[in-house]
Amino acid sequence: MSAPRVLAAAGPRLAAPLLGAACVAWTAVPLRHTGWADIALVVSIIAVTAGALRLALADVPQPTDEFFPSPALRTWLQFLRVLRTWPWEEIAVAATAWLEVQHPARPWHTVALGFGLVAYLLAVHIAESGAPAGRLLHRQWKVLLAGACLIALGAGFATLPTAGPGAGSALLRVLAAAAVVGAAALVLPGRD
Amino acid sequence: MPASVSSSSRDSSRKELEVRWRPSRHARRLFTLALAGLLLATLTRRPEFAGLAAPALLLLGAARPGRPPRVDVRVALATSRLYEDEVGAVDVAIDDTEHDVRWELHPGRGVDPVSATAVNGAAARFEFTVPRWGRRPLGSVALVLYDRWRLAEGRVTVELPAVDCYPQPAVQRTRVVLSRLPNRLGEHSARVAGEGAEFTGIREYVPGDRQRAINWPATTRRGRLQVNTFAAERSQDIVLVVDATSDVGSPGSSALDLGLRGAAGAARAYLDGRDRVGVICYQWGGARWLAPSLGRRQVYKIIDTMLSADAGWARGESFSRIPRAALPPGALVVVFSPLLDQRFVETLRDMRERGFALFVVDVLNTAPPARRTFTDATTRRIWRMEQQAIRFSLRELGVPVVHWDGESPLDLPLAPYTRRPLLARR
């Protein structure tokens, strides 16, 4: 196999874990040592690593009719089964978001995390389905651009000066942001 | 590597299959991100997390209904019959142009993929080999259809047809020829004079001889007309006997594997020499046979007959006398057997007593496993002596027994018998 083809095949599989690791690192810094933050960090690292292993071992066949497998082979098969059945990317996304929550509010930092997570999920999908990345992104660029604007808008809502201290004004800002996102989701898609 | 069994044939079929649609893994991940963002925004009252959910929500909102419940899939086998280790191919295609398509091959047991097992595109070709003879189901192909936004995936499982894998014929270029051949035109030089091409001698001219046969130098020397004489060219009947009662050894190089490969190679060699070739598969519960005949197609008929041999564990009744219909008079009987079954050895003795010229190719290349104990060593030694006794008794009856390891050409063990005609003794 030629070098460009190897690179084309291995590129997305390499890009996905790198993006995942970048998201985790971005969220973890500065390190916080509360109980929930530590757990979220460990879970997200494990999930990103397992997702990377799943992609790397995607082509390893899983024999279905092994008679009397050795303990080592049985362990290996069990490991492959766990890698391929658990939703590692979903766990990584949820853990990373929870880790971000553990930090004090930093809206523009969260915006960057949002970009990173969407890129991570797209890279994972491209790597596991073998879809041509250029064609896929070309089809979705309008929606992705709208999404980026909405993330920025969410951060903008977060930085608005509040009318007064209290839980009510914060909730209002959240509802306003959610309403904007919901309205955009209803209006924008499907008219490509 | 022999030529493809039927490289021109192409088995094609079109199937209409039901598609099972469901959210893709990508959609489930986006949903998790959107849900996590909105939930955290509400719980923590931080609007930036609502923005985090925005791209995922937009992508999820792009999903549209209108997915086809059924699709037409075309499956075409490059060839439905191939030899061991020969590369075959199966083509799959779909007419759908609206969806992104991915094919994943799940090979059946005994089928080794050669090309990539996952391909994107409306059509795909999967190459494979079959390492061991037999009828092998190719397995299945999983077809995955993605919608434009890759949020829904439709799955279809396409069952692939089976292929007939023929044993790889052994290399055999030389042939064992009987000393006494039936009176039928062929390519082997007989001992009687005739109209062949091989010069045998000179005799005096008698009226009726052809003028072109006159040997002028000899005529000048002797002062009388002398003519050249030639050997007649005859063909012979060959009956291949494959012993399917004992399949010992590791799969791929077992006695039956070697027997079938040797018989297939011998069939090709003798049919190339315009001999009539038939086959008898000796198995538990009876025998299957094919009467001797000529022609290229006879090779495939012979192999098909051999492949139907049952080498299973079912022990039915056996017999020691092969029917007369399967053995033409004066035929050369070439036997491929590990000589493990005493009843089969009795059958060989019976054939010899009936006057057939026999030739045994011993395909036993394994021995019982033995530990380093006195009992095992003794048992193994007794077993070996029994095997030697069986071969000795056959040789005493005038039946040549040669050993073939399955890797070298068959010409090597046959060499002592292919240089001169095999005496057909009664």
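Reading the values: the criteria
- The numbers attached to residues start from 1 for each chain and follow its sequence in the written order.
- Here every chain gets a letter starting at A, and every ligand a number starting at 1, in the order they are written.
- For a predicted model such as this one, the threshold for reporting local features is a pLDDT of at least 70, and the threshold for listing and counting side-chain atom pairs is 80 or more; totals across whole chains, interfaces and linings nevertheless cover every residue.
- Note on definitions: a nonpolar core is a set of buried residues drawn from Ala, Val, Leu, Ile, Met, Phe, Trp, Tyr and Cys, linked by C-beta atoms within 7 Å.
- With C-beta atoms placed from the backbone, the exposure class of a residue follows from how many other C-beta atoms lie within 10 Å of its own: 20 or more, buried; 12 or fewer, exposed; in between, partly exposed.
- Secondary structure elements are defined from DSSP: runs of H or I of at least 4 residues count as helices, runs of E of at least 2 residues count as strands, and each element is numbered from the N terminus.
- Segment limits for the domains were obtained from an automatic or database-derived domain assignment.
- For the purpose of contact definition, each residue receives a C-beta atom placed from its backbone, and two residues are in contact when these atoms lie within 7 Å.
- Residues are grouped as follows: Ala, Val, Leu, Ile, Met, Phe, Trp, Tyr, Cys and Pro are nonpolar; Asp, Glu, Lys and Arg are charged; all remaining types, including Gly, are polar.
- Angles shown run from 0 to 180 degrees and are taken between the N-to-C directions of axes, each axis being a line fitted to C-alpha atoms and, for helices, limited to the stretch in contact.
- An angle below 35 degrees is read as roughly parallel, one above 145 as roughly antiparallel, one from 65 to 115 as roughly perpendicular, and any other as oblique.
- Here is the rule for handedness: rotate from the far helix to the near one, and if that takes an anticlockwise turn smaller than a right angle the crossing is left-handed, while a clockwise turn gives right-handed.
- Expected helix span is computed as 1.5 Å times (number of residues minus one).
- By the convention used here, strands pair only if DSSP detects at least 2 bridges between them.

Asker: Hey, could you run me through the nonpolar core in this one?
Answerer: Here is a general trend for soluble globular proteins: nonpolar side chains tend to be buried in one another's company. Residues Leu240(B), Val242(B), Ala263(B), Ala267(B), Val333(B), Val335(B) and Leu358(B) are the most contacted members of the largest nonpolar core, which totals 84 residues. In terms of residue count, the dominant contributor to this core is helix H4 (residues 255–272) of chain B (eleven residues). Two domains each put at least three residues into this core: domain 1 (1–19 + 67–166) and domain 4 (237–418) of chain B. Beyond its immediate sequence surroundings of up to four residues, Val333(B) is in contact with Val239(B), Val241(B), Met351(B), Phe356(B), Ala357(B), Leu358(B) and Phe359(B). Counting residues in each nonpolar core, the second largest holds 59 residues, with Ala40(A), Leu150(A), Ile151(A) and Ala36(B) among its members.

Asker: How do you make sense of the domain arrangement of chain B when you look at a structure like this?
Answerer: When the parts of a complex come together, some accessible area is lost, and that lost area is often used as the size of the interface. Residue and element names in this part refer to chain B. We note that the domain assignment places domain 1 (1–19 + 67–166), domain 2 (25–66), domain 3 (191–233) and domain 4 (237–418) within chain B. Here domain 1 and domain 2 have C-alpha centroids that lie 38 Å from each other. Here the side of domain 1 that touches domain 2 is composed, by residue class, of three nonpolar, no polar and two charged.

Asker: Help me out: how do you make sense of the interface of chain A and chain B in this one?
Answerer: The interface is formed by 47 residues belonging to chain A together with 39 residues belonging to chain B. Broken down by element, the residue count for the side of chain A that touches chain B peaks at 14 residues, all from helix H6 (residues 133–159) of chain A. Across the side of chain A that touches chain B, the residue classes tally to 33 nonpolar, nine polar and five charged.

Asker: Sorry if this is basic, but what is going on with the packing of helix H4 (residues 88–101) of chain A against helix H1 (residues 25–44) of chain B here?
Answerer: Each pair of packed helices can be described by the angle between their axes along with the distance between the axes. One way to put it is that H4(A) packs onto H1(B) with a least axis distance of 9 Å and a crossing angle of 20 degrees. Of the possible angle classes, the one that applies to H4(A) and H1(B) is roughly parallel. Of the two elements, H4(A) crosses H1(B), and the hand of that crossing is right-handed. From H4(A), Glu89(A), Glu90(A), Val93(A), Ala94(A), Ala97(A) and Val101(A) reach across to H1(B), where they touch Arg28(B), Arg29(B), Thr32(B), Leu33(B), Ala36(B), Gly37(B), Leu40(B) and Thr44(B). Partitioning the contact of H4(A) with H1(B) into residue classes produces seven nonpolar, three polar and four charged.

Asker: How should I be thinking about H4(A) in this particular structure?
Answerer: Turn by turn, an α-helix covers 3.6 residues, leaving residues three or four places apart pointing in a common direction. All names here are of chain A. With 14 residues, H4 extends 20 Å from end C-alpha to end C-alpha; this agrees with the ideal 20 Å at 1.5 Å per step. Counted residue by residue, H4 has twelve buried out of 14 residues, so it is predominantly covered. Of the positions making up H4, those classed as buried are Trp88, Glu89, Glu90, Ala92, Val93, Ala94, Ala95, Thr96, Ala97, Leu99, Glu100 and Val101.

Asker: Is there a simple way to think about the sheet that holds strand S18 (residues 286–293) of chain B in this case?
Answerer: Where strands meet in a sheet, backbone hydrogen bonds hold them as pairs that are either parallel or antiparallel. All names here are of chain B. Spatially, S18-S17-S16-S19-S20-S21 is the arrangement adopted by the six strands of the open sheet, whose pairing is mixed. One side of each edge strand has no neighbouring strand; the edge strands of this open sheet are S18 and strand S21 (401–403). Here the average twist between neighbouring strands, direction ignored, is 15 degrees. Pairing between strand S19 (residues 332–337) and strand S20 (residues 357–362): six bridges, direction parallel. When the sheet's bridge partners are listed, Leu332 is paired in S20 with Ala357.

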